[in-house]
Amino acid sequence: MFKFKLIIFFSISSVILSDADRNEILGFQCSVSENATLDNEYQINLRNLMNSLAGNNPTQAGFFTATSGKGSGKIYGLTQCRADVSASDCAACIKNSTNSAAATCSGSKNVTVWLRWCLLRYSNTSFFGVLDESAMATANETNIDDPYVVYEGTKFMNELASTAPKMPLMFQTAVLDVGRFGKRYGMCQCSRDLGRRNCGSCLGSLLQSFRISIGNKRGWEIYGSSCSLWYHDFQFYFNYSIPSNSGYGKFIYHQGGVIGILIPRLVFYFITLY
């Protein structure tokens with residue numbers, strides 16, 4: 001596991017959401033500044049890696065890994081988009097993530113950037129296929145749900161976390177009908193360099209880690225290095241279709257009206273493994 005020293009996050013007082021959500025930068029995880037060791041060769045390798053990740057991810061079903069350089073200057077990189085976003089939105093998100101990393105974590109060798117629609121990771125040590133449970137969560141602190149719905153929602157998300165690893169892209173959405181309380185919408189996704197067992201372990205572990213801090217909220221999101229989970233009382237994801245005969249799919253979108261969502265207070269919670 002990498003030891004990270006700096007976590008930067010962003011909060012907003014209000015947002016306007018359509019039937020799905022809008023992309024934005026949520027946070028960074030940057031290692032201790034290592035400017036002294038970022039020589040010219042390393043900088044060139046990093047720039048080549050960022051160009052490769054940004055250029056190839058949308059053509060690889062929203063997931064791509066790459067390396068750049070040799071020996072001590074070798075860098076490992078990974079990008080992944082949410083499986084419900086379009087190729088064009090994915091490309092824009094990855095481009096945004098690489099630019100943001102360069103601006104915010106320019107002196108770091110181990111970096112994670114979370115945006116709502118995509119993830120960027122890179123390091124001078126290989127992390128491909130390695131389970132990393134470092135994560136952050138966001139929740140509306142004042143928006144407490146009914147105890148019955150909290151109970152049903154917890155079961156719902158645990159079930160979703162257990163079935164998502166079996167899906168073609170280790171990605172799944174589902175809807176919970178809680179009667180007069182309306183509906184709750186859930187989504188889970190794992191980094192596709194993981195094995196399915198590690199995917200399930202990651203989702204279950206993050207649910208358990210953040211259960212006390214966010215479990216009674218009407219909406220929350222957990223963003224991890226290896227997996228992520230989302231839960232809301234409105235449909236935040238895009239409609240999509242993943243054909244069963246392929247590893248990835250053609251995306252189909254629903255065009256809808258605009259819904260104003262007021263977030264009086266958005267709180268971020270973190271766990272970082274050392």
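Parameters and conventions
- Residues numbered from 1 in each chain as written.
- Predicted model: local features only at pLDDT ≥ 70, side-chain atom pairs only at ≥ 80, totals over all residues.
- Heavy atoms only, no water.
- 1 Å grid on protein atoms, 1.4 Å probe; cavity = no way out; pocket = protein on both sides within 12 Å on 5 of 7 lines; lining within 4 Å.
- Points joined across faces, edges and corners; volume = space filled by probe spheres on them.
- Helix = DSSP H or I, 4+ residues; strand = E, 2+ residues; numbered from the N terminus.
- Nonpolar A, V, L, I, M, F, W, Y, C, P; charged D, E, K, R; others polar.
- Disulfide = S-S within 2.5 Å.
- Buried < 20%, exposed > 50% of the residue type's maximum accessible area, 1.4 Å probe, protein only.
- Core = buried A, V, L, I, M, F, W, Y, C linked by side-chain atoms within 4.5 Å.
- Contact = heavy atoms within 4.5 Å.
- Phe/Tyr/Trp six-rings, centres within 6.5 Å; stacked < 30°, edge-to-face > 60°.
- Lys NZ or Arg CZ within 6 Å of the ring centre and 35° of its normal.

Student: Is there a simple way to explain empty space enclosed by the protein in this structure?
Tutor: Unfilled space is identified by rolling a water-sized probe across the atoms. In this structure the tally under the stated criterion is 2 cavities of 30 Å³ or more. What the largest cavity holds in volume is close to 160 Å³. Lining the largest cavity we find 19 residues, and of these Gln80, Leu119, Gln189, Ser228 and Trp230 sit closest to its centre. Looking at the lining of the largest cavity, the elements that each hand over two or more residues are β5 (75–81), β6 (111–115), β7 (118–123), β10 (183–190), β11 (220–224) and β12 (227–232). The leading source of residues in the lining of the largest cavity is β12, at 3 residues. Considering only residue class, the lining of the largest cavity consists of 10 nonpolar, 7 polar and 2 charged.

Student: When you look at the state of the cysteines in this model, what are you seeing that I'm missing?
Tutor: In total, this model carries 5 disulfides according to the counting rule given. The disulfide bridge from cysteine 81 ends at cysteine 90, spanning 2.1 Å between sulfur atoms. Here the S-S torsion is close to 85°, and the disulfide linking cysteine 81 with cysteine 90 is therefore right-handed. When sorted by exposure, cysteine 81 lands in the same class as cysteine 90, which is buried. With its sulfur 2.1 Å from that of its partner, cysteine 202 forms a disulfide with cysteine 227. Its torsion about the S-S bond being -90°, the disulfide of cysteine 202 and cysteine 227 is classed as left-handed. Taken together, the residues span a long stretch of sequence, with cysteine 202 in helix α4 (residues 196–209) and cysteine 227 in strand β12 at a distance of 25 residues.

Student: Before we go on, may I ask you to explain the nonpolar core in this structure?
Tutor: Burial of nonpolar side chains together is a common tendency in soluble globular proteins. Judged by nonpolar contacts, the single largest core of 29 residues is most densely connected at Met157, Cys188, Leu203, Trp220, Ile222 and Leu229. The residues touching methionine 157, leaving out its near neighbours within four places in the chain, are Gly186, Met187, Cys188, Leu207, Trp220, Leu229, Trp230 and Tyr231. Judged by nonpolar contacts, the second largest core, of 26 residues, contains Leu38, Ala66, Ile75 and Leu120.

Student: What's the story with the packing of aromatic side chains in this structure? I'm lost.
Tutor: For any pair of aromatic rings, geometry is given as the distance between the ring centres together with the angle between the planes. Scanning the entire structure with this criterion turns up 9 aromatic pairs. When the centroid spacing of 5.8 Å and the interplanar angle of 80° are considered together, the rings of tyrosine 76 and phenylalanine 128 count as edge-to-face. With a gap of 52 residues between them, tyrosine 76 in strand β5 and phenylalanine 128 in the loop between β7 and β8 (135–140) connect regions that are remote in the sequence. With relative accessibility at 26%, the residue phenylalanine 128 sits in the partly exposed group. An aromatic cluster of three or more residues is present, and its members are Tyr76, Phe127 and Phe128. Note that arginine 121 overlies the ring of phenylalanine 127, its terminal NZ or CZ placed 4.2 Å from the centroid.

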